[in-house]
Protein chains: 2
Amino acid sequence: MTKYVYDFTEGSRDMRDLLGGKGANIAEMTRLLGAERVPGGFTISTEACVAYLEAGQAEPEELAGQVDEGLDRLEKQVGKLLGDEEDPLLVSVRSGARDSMPGMLDTILNLGLNDRSVAGLAARTDNQRFAWDAYRRFAQMFGNVTRGIGGDRYEAAIREQKNQAGVSGDMDLTADDLKQLVARFKALYSEETGEEFPEEPREQLDLAIKAVFGSWSGNRAVEYRRINRIPDDWGTAVNVQQMVFGNRGANSGSGVVFSRDEMTGGPDPSGDFLPNAQGEDVVAGVRNPRDISEMPELMPQAYGELIEILGVLENHYGDMQDTEFTVEEGRLYMLQTRSAKRPAQAAVRFAVDAVSEGLLSREQALMTIDATRLEALLHPTLDPDTSYEVLAEGISASPGAAKGEIVFTAKDAVAADSAGRDVILVRAFTEADDVAGFFAARGILTSEGGKASHAALVARGMGRPCVAGASALEVDEENHELRVGDRTLHEGDLIAIDGTSGVATTDDVPLVEPKVDSNFETVLGWADGIRRLGVRANADSPVDAAKSREFGAEGIGLCRTEHMFMAADRQPRMQAMIMASEESERRRALGELLPLQQSDFEQLFEVMSGFPVTIRLLDPPLHEFLPAIEDLVQKVERGRAGDGENLRDLEKTLDRVHELVEINPMLGTRGVRLGILHAEIYEMQVRAIVRAALAVEDRSGEGPDLEIMIPLVAYEKELQLARDLVERVLGEEGGDRLRLSVGTMIELPRACIVADRIGRVADFFSFGTNDLTQTTIGLSRDDIEGKILARYIERDIVDRSPFETLDSPGVGWLVRLAAWTGREANANLGLGVCGEHGGDPESIAFFDAANLDYVSCSPFRVPIARVAAAQSAIGLRKEGAK
Amino acid sequence: MTKYVYDFTEGSRDMRDLLGGKGANIAEMTRLLGAERVPGGFTISTEACVAYLEAGQAEPEELAGQVDEGLDRLEKQVGKLLGDEEDPLLVSVRSGARDSMPGMLDTILNLGLNDRSVAGLAARTDNQRFAWDAYRRFAQMFGNVTRGIGGDRYEAAIREQKNQAGVSGDMDLTADDLKQLVARFKALYSEETGEEFPEEPREQLDLAIKAVFGSWSGNRAVEYRRINRIPDDWGTAVNVQQMVFGNRGANSGSGVVFSRDEMTGGPDPSGDFLPNAQGEDVVAGVRNPRDISEMPELMPQAYGELIEILGVLENHYGDMQDTEFTVEEGRLYMLQTRSAKRPAQAAVRFAVDAVSEGLLSREQALMTIDATRLEALLHPTLDPDTSYEVLAEGISASPGAAKGEIVFTAKDAVAADSAGRDVILVRAFTEADDVAGFFAARGILTSEGGKASHAALVARGMGRPCVAGASALEVDEENHELRVGDRTLHEGDLIAIDGTSGVATTDDVPLVEPKVDSNFETVLGWADGIRRLGVRANADSPVDAAKSREFGAEGIGLCRTEHMFMAADRQPRMQAMIMASEESERRRALGELLPLQQSDFEQLFEVMSGFPVTIRLLDPPLHEFLPAIEDLVQKVERGRAGDGENLRDLEKTLDRVHELVEINPMLGTRGVRLGILHAEIYEMQVRAIVRAALAVEDRSGEGPDLEIMIPLVAYEKELQLARDLVERVLGEEGGDRLRLSVGTMIELPRACIVADRIGRVADFFSFGTNDLTQTTIGLSRDDIEGKILARYIERDIVDRSPFETLDSPGVGWLVRLAAWTGREANANLGLGVCGEHGGDPESIAFFDAANLDYVSCSPFRVPIARVAAAQSAIGLRKEGAK
């Protein structure tokens, strides 16, 4: 017989897969803090959920009996019976998946109440109003969760009751009012379902368990999993736990507290606290909570105990904790603990403090950082040197600054994002349905809720800046208006937010790039000591190169020379070269470009002196340097209709564009193919590189390690021909003393397949995973990202863009093949990657495991890559140890 | 010590790699016919050539001594000394590579003559003129071959001598004239080289051997190898052979004879014969030779012996032979024998006759056919029902008809071909430098030369129609004019030739498609009995389907449904569907297309009843059905400038095209991606297919085996979604009784890599090797075939287009991987190929070895595929036996 039900005293944190995160943590807490600190109960395993869903929403046979036994044990432990008329045991029924999915799955509180037990509760607590309020809450949640009756229906009933009673606040409703409200709720239940509200507590429990199981398949949860990459077949556990009440008067309360400041990582606990309230009120963000710093004044003993417990938990888990607690008539209960989600600066600060406190080793501390989130540290901030008018202040819910047009719905955010517009999602508060909008917006601004509100949690989780609870704002979602005092803003108006300082402004404040702070420097220093994988930057200019060095790049992994031809003083010469009908004309234009390109390289080489610089020779098709064909056609037509000035030039250009333009330029005359058709271009570039390197060496005594990279090689002979050209020019320029190697960008499937052949004529490979992804999957990034990819994620064909995280079964397989066979053929072959995947932590772990030498990414992602590479090294070491 | 020199009595045909084709065959002939029929001599191995070239044109040390020994043996055998003053032994020095490279490598005759031995030769033959003529020939060839002195210089010297002697023909020069001519040639030699003409025979021999070695690296030879796919590192052997003389009077002569009619394969020997001439005169095509049928009259005994020997040779080699012979004063010498290159109908006729004569088994006979050349059988002919005016008649040098614009140089032919124009290359005669032009032209027409001329040999080798020796034509290459009587034709004028009948015409005669004749039927019947691989056709219409059946296709491997939308009555509805802004409008347009598509399918299914039909759902991007963007921009501009009528419609269409158009449509919204974005299109197509199949079954009792093919799948889930759609529609239409399977076109590298996953949800794979080649190599076929590929072949990066013959190390590797892992995952997985490679013999052998079930190709290539598949099966069986 499968064991589906585990008492809290039976489990531990190692049983996360089976008991879910919450169940495992409650069990661990119970072990750690003792049963008196943690309300008792039991967990129904994720396996039961999976079995339930697989059987088409039918409970496994064994389950009912095991729940009976669990309940029996709990009743004995507490000394009360579920729904007892005299002194009822009440329980909460909560979901708990392996990974936290905040607000996505369902919860029912106060289960066990019915028309009889409510009287017992009232008598025992000597508080009619409390008892009926608890019953009211239960009836509402039960109807909502088990039968899907809309929250708005219940809100309407509450409004009616308030009208009838002539009061305005929920707190003004008397016990009798609440009694009538329960009657309204039950009537609503019957009306909606055609059934009586179930009075029998065991039946209530059974329905609640099934509802939680079912919520795993709900739309919200499915959407959340898709975005957060959680497998569909994990299922959720169900935790049945004795209720404790934070709403039993002034000596009661509920709160959410982080063991340290969750925004900064500083040593003081942070969080929200609501006196005389149940925990749900805090998380929902509907009542403005008090800061946890006010708690010692109100209930000093409970606070002291809480602080002590937070220390115990941090020590035990070796990580910053995010806990929920309730104080029931002065007695502190811990309801939940888990590793705190935190913004990047908090993660970094915690890591540094934890090491200096002796809590964690450097490696352990590094592993507490989510490298993906570090991007937030590299988010821009509002320029501190610009003064601007603050529109509204709120809570700094997720750090970083963002600027964009106002939108009011998730749908509009998605549409605007698809159209390439930056938007800020502005809402009163957010719900699970808004998750897709978070993804699409640059930032989120809400008028309600605190640090633990849905908006704050999800924004932090996604690395989006967020200002929450900016209560001066009046958000009119219906009319798509935002009113602040006497100002009215509309959809499309510009707004900027700073989630670090918690302000919003309508001034067009510049965003400035961040610097690396000292804590981050410390962490990066550890990472550099641990990682095997090198980190370089993709940089085309001296400015970018200097920035890269500042961020700790150990060289340039990709310098795209075409950008040098795009500059205003270059393009006319480039065009002249392309338009040349005679060899001599073409050579003259190239001759003019040579000193310009040489001077570009000299500046770059000065910055990178002593470091490797990988220079890619011209890659894009020539027509990219000429005007677009559509514009030309239009101008020619207008010229023909009008005065005809310049018409001949335009026509000539159009003819040349017609010759050059290609149906699929991605697969056309570019890369080494250009270098073979027009060797004079590559020759000029190599000459400029060699002359620049010699000049820098002459001036400063040291130049860079030159790595000349030939793009788009499919056949070994292509590389051989290019290599011959480089060596010839090197000889002609007297550059034999330079450190110079010749390699290729591996960006075509064929190159991966014949990597052994190509490896024999290459000094290095650099995987161009952008183009390799395009060709391997047959997806043109420009064409499909907006159109197809969104639909593909929706239909669960892919879980994310293969241009963000390497498609490991497809593209990754080719990378591994090429790395392996290339090195088999040439043991000294250097291996790197210069696609955008070089800055993505999951992809970095893949490249590390594939034994590449380095990754190269945009300068701002270099720090992320350094940390991710260290984490990967630690992970691989652990795997190796196993 | 390496043995480099082999006496003719030491070698055999198995030593081809070492001794070259000619050396091995001479040795084999020597064994077979006895030393008295084959002039004696020795072969210097290809290894010596390779060693010579690798050492930078330096002979291996051992070589000189071994040549001395070989010469010594020969002198003893013949009883004469090389260059002896009294009775000189003269030798020929000829190249001989593994594969025949006609006219590409060098030859020197009459070596051993000098100012002293010429007198001995004259005395011994009692023929001063003969001796001096021989010396004259030697001096000319020696200077030309060993020192590269231009043939024009020698021709000029001959002209001067003739002027001086006051004669017009070569034959009119007397012995004294020739003596003076030799003096002129030697002066020319000294003038060009600054050295004396070498008198010492052993030195002559040494220089000649080196020159032949060196000719392997000559431009002509390199070009020829490139086109004929011969590796550069094979090298050539050198054959030193006793000279015999066909020019010693009326009872002497030389000829080239095929053991059967080389044009038809008929039983009578065919060939050319020149009385009183050396062999070179026949091959060069400068003197018009006599037909071999005239030989019995002139020298009946030698002819009788020749016929007997041809029989012996055919029996021994088991193949039709192409031989060279010389009759010296009545005595027959065989100089060479090799398998005859022959046009397709001759190959087929020979195969059938050889089996009926008991010469060969069916399998052996099949292997004598070059399947690639069978295409010639499927070349069009001039319509026999159209009367036309014959411009000129010539020799039917290579069969098939062709039509195109006149060009006069190989360069112009290549340029015109790149521009997509059909051309006929017209020349007086062709030389090795013209080879690239053969490749580019549809056909070749010459005014000089016979069946064994360079033009004829190369044209047959390449399967190009050729009319040679049309002596009424006066080709003025300098002025790019062709004169025939009083007519003058210019470059660009239309001309048609029929290489089967040997005529040329300027009338625009239609070309008609050929039928399969009874011999070919016989061969195809054998092939079908032997091959394992199935052969299907790519056909989109009932007409093509019927044609496929006629050619023996066992089903349709690819029916492209988009062609059904291109028809005039469909396109407006397709455009309406694409332009629809509302769902209802789109569904209405699709509703109108459904019955049309259904009727297309019904016609197709009727033809293919009982056979498999693979139907590919819509593949191309939608904008292909709309007008081209440039045209639209032009029209909109004109509309704006003018009356503006239709302007709004045009603008609307332009907007939609802008939405749909893609930068790289090959990698964009097409194939299954379309089917996922616009499921209604696939749904309509599947409905039409199912309804059509049901209707055909209802009418005739049997329908086809439906195979619905989903294009461009990269992820298994894509196929699963499409499969779900097909199954749903099948259910809705009550089509459960149909034989229907669902599979995918494998045309992306990713699909090959994850073929195990895709294989689990597919009933079959059909490799779309065209697109797979495009994505694997990153080559857009449309864009690079004209531009890049020619240059790549020239630079020896590839030896042929990967779109003609499968790129086996790259694309082929992926095919094998996918076939293997797909079947591992799904043992019942059907495997086929529907790219154009399905009709290419070399690729077919690859697919057979990769264990695919069938190939599918254009209807006209089906017979080729059947033969190639049989040959592949025989080859694999032989390999298996080993």
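Bear in mind that the values here come from a model prediction, so they are computed numbers and not experimental data.

### Things to note about the sheet that holds strand E12 (residues 331-339) of chain A
All names here are of chain A. With respect to topology, 5 strands assemble into an open sheet ordered E10-E9-E8-E11-E12, the strand pairing being antiparallel. The sheet is open, and its two edges are formed by strand E10 (290-291) and E12, each paired on a single side. As paired strands, strand E9 (residues 270-275) and E10 are joined by 2 bridges and run antiparallel to one another. Following the sheet pairing, phenylalanine 273 is matched in E10 by arginine 290.

### Here we look at the relation of the copies chain B and chain A
Least-squares fitting of chain B to chain A yields an RMSD of 0.3 Å, with the superposition described by an axial translation of 0.1 Å and a rotation of 179°. Taken together, the rotation angle and the small translation identify this as a two-fold axis. No C-alpha of chain B lies nearer the rotation axis than that of asparagine 664 of chain B, which sits 2.1 Å from it. A shared interface surface links the copies, since 100% of the contact residues of chain B are contact residues in chain A too.

### Quick word on helix H1 (residues 16-33) of chain A
Residue and element names in this part refer to chain A. For H1, with 18 residues, the first-to-last C-alpha span of 19 Å runs short of the 26 Å given by 1.5 Å per residue. Along its length, H1 shows its largest kink, about 80°, at lysine 22. Most of H1 sits out of view: 14 of its 18 residues are buried. Of the residues one or two after H1, glycine 34 is the one with positive phi, at around 90°.

### Side note on the environment of valine 484 of chain A
Residues and elements named next belong to chain A. Considering the arrangement of structural elements, one finds valine 484 in strand E21 (residues 481-484). The buried category is assigned to valine 484, whose relative accessible area is 10%. Taking C-alpha positions, valine 484 is 7.6 Å from leucine 391, a pair spaced 93 residues apart along the chain. Setting aside chain neighbours within four positions, we find valine 484 in contact with Leu391, Ala472 and Leu473.

### As for the pairing of strand E11 (residues 321-328) of chain B
Residue and element names in this part refer to chain B. Across the 8 residues of E11, 8 count as buried, placing the element largely inside the fold. Neither face of E11 is open: one carries Gln321, Thr323, Phe325 and Val327, the other Asp322, Glu324, Thr326 and Glu328, and all of them are buried. For strand E8 (residues 253-258) and E11, the ladder comprises 6 bridges, and the chain directions are antiparallel. By the bridge assignment, serine 254 is partnered in E11 with threonine 326. Pairing of E11 with strand E12 (residues 331-339), which is carried by 8 bridges, proceeds in the antiparallel orientation. The partner of threonine 323 across the bridge, within E12, is threonine 337. Linking two consecutive strands that pair antiparallel, namely E11 and E12, is a turn of 2 residues; a positive phi of about 45° is found at glutamate 329 within it.

### Here we look at the interface of chain B and chain A
Across the boundary between the two partners, chain B contributes 59 residues, which contact 59 residues of chain A. Note on chain B versus chain A: buried area summed over both sides is about 5300 Å², and carbon and sulfur give 58% of it. Per-residue buried area on chain B facing chain A is highest for Glu630, Leu667 and Tyr715 of chain B; these three make up 12% of the total on that side. Linking chain B with chain A are 3 salt bridges. Secondary-structure elements contributing two or more residues to the side of chain B that touches chain A are helix H23 (629-641), helix H24 (647-660), helix H25 (672-677), helix H27 (716-732), helix H28 (749-753), helix H30 (769-777), helix H31 (781-794) and helix H32 (808-825) of chain B. Among the residues forming the side of chain B that touches chain A, the class breakdown is 30 nonpolar, 11 polar and 18 charged.

### A look at the pairing of strand E16 (residues 401-407) of chain A
Residues and elements named next belong to chain A. Across the 7 residues of E16, 5 count as buried, placing the element largely inside the fold. Sheet topology note: the E16/strand E23 (residues 494-498) ladder contains 5 bridges and is antiparallel. Counted as the bridge partner of glycine 404 is isoleucine 495 from E23. Remark: the E16/helix H15 (residues 410-418)/strand E17 (residues 423-427) crossover connection has right-handed handedness.

Reading guide: rules and limits
Residues numbered from 1 in each chain as written. Chains lettered and ligands numbered in written order. Predicted model: local features only at pLDDT ≥ 70, side-chain atom pairs only at ≥ 80, totals over all residues. Heavy atoms only, no water. Pairing = 2+ DSSP bridges. Helix = DSSP H or I, 4+ residues; strand = E, 2+ residues; numbered from the N terminus. Least-squares fit on C-alpha atoms with pLDDT ≥ 70 in both. Contact = heavy atoms within 4.5 Å. Expected span 1.5 Å × (residues − 1). Bend = angle between axes of the 7 residues up to and from the residue. Buried < 20%, exposed > 50% of the residue type's maximum accessible area, 1.4 Å probe, protein only. Buried area = accessible area lost by both parts, 1.4 Å probe. Salt bridge = Lys/Arg side-chain N within 4 Å of Asp/Glu carboxyl O. Nonpolar A, V, L, I, M, F, W, Y, C, P; charged D, E, K, R; others polar. Right-handed = clockwise from strand over helix to strand, strands pointing away.

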